[in-house]
Amino acid sequence: NNMQEERYIVTADLGTPKIALSVAKITGDRIEVLYYKETGSDGIRYSTVINPKRAAEPLANAIKDAEKELGIEITQMVIGLPRYSVRQESNSAEMHRSDPGSCVLQEEIDWLKNMALDSYPINDETKEEIYGAIAQSFSSDDTFQGREEDIVGSPSDMLGGSFKVFIGSKKAVSNLDILMNDADVAIAQRCFLPVCTADAVLSSQEKDNGV
């Protein structure tokens, strides 16, 4: 079958002076950026939505421009979480594997990361939430502070990981939800990248259908 399914991802990078809107088409393993345009923003300060009502109009206009140029309807998009006023903490997680003779799977690495996220205590859950985590290193029976690719595929009794956990404002996320609702577009996924570019978001979210 030579017919490969085409999917689209729409991303918006919200900044103080501008909004950067990108649309990419995914065909099999190939990613092609079809559209990228920057437009002025309002109601946003240091990537944080301060006034969602004011920010909605320029975002909605940016979406309409992309729809008109590409001849598509944008109903949802990947959106970046604020990258400023976010505190960074350290956390670790460890598990003993039920079958130490089997090789470590990627799913176990992902589960360990989720464990680190779920186990980190938030000081005030009414004001803060965890935006994401980045792996620093992993450990197994034979490897200490190794890379993810060093661990996956090797047998081990123990699996451990050290992570940087990023914690931000819950209100900032709530304002983001209001903005997207007023712009009449759904959130396909929120993502947090300490350094966020449109290409990086597209690369990290290539499995999500954003149109």
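Look above for the structure.
Criteria and thresholds
- Residues numbered from 1 in each chain as written.
- Predicted model: local features only at pLDDT ≥ 70, side-chain atom pairs only at ≥ 80, totals over all residues.
- Heavy atoms only, no water.
- Core = buried A, V, L, I, M, F, W, Y, C linked by side-chain atoms within 4.5 Å.
- Buried < 20%, exposed > 50% of the residue type's maximum accessible area, 1.4 Å probe, protein only.
- Helix = DSSP H or I, 4+ residues; strand = E, 2+ residues; numbered from the N terminus.
- Contact = heavy atoms within 4.5 Å.
- Phe/Tyr/Trp six-rings, centres within 6.5 Å; stacked < 30°, edge-to-face > 60°.

(A) Here's a closer look at the nonpolar core. By size, the foremost hydrophobic cluster in this structure holds 30 residues, and its most contacted members are Leu-14, Leu-21, Leu-59, Ile-74, Met-77 and Leu-179. Elements with a minimum of two residues in this core: strand 1 (6-14), strand 2 (18-27), helix 1 (52-70), strand 6 (76-80) and helix 4 (170-182). With seven residues, helix 1 is the largest single contributor of residues to this core. Not counting the four nearest positions on each side in its chain, Leu-179 is found in contact with Leu-14, Val-49, Pro-52, Ala-55, Ala-56 and Leu-59. Counting residues in hydrophobic clusters, the runner-up holds ten residues, among them Ile-109, Ile-151, Leu-159 and Phe-163.

(B) Representation of the packing of aromatic side chains in the model. In the structure shown here, the tally under the stated rule is four aromatic pairs. Ring plane angle 55 degrees and centroid distance 5.9 Å describe the contact between Tyr-46 and Tyr-84, whose orientation is recorded as tilted. Taken together, the residues Tyr-46 in the loop between strand 4 (44-45) and strand 5 (48-49) and Tyr-84 in the loop between strand 6 and strand 7 (87-96) connect sequence positions 38 residues apart. When the centroid spacing of 5.8 Å and the interplanar angle of 55 degrees are considered together, the rings of Tyr-131 and Phe-192 count as tilted. Of this pair, Tyr-131 sits in strand 8 (residues 128-139) while Phe-192 sits in the loop between strand 10 (186-191) and helix 5 (198-204), and the two are 61 residues apart along the sequence. Neither residue differs from the other here; Tyr-131 and Phe-192 are each classed as buried. One aromatic cluster is present, formed by Tyr-131, Phe-166 and Phe-192 through successive ring pairs.

Any functional reading would require information beyond the geometric quantities listed.
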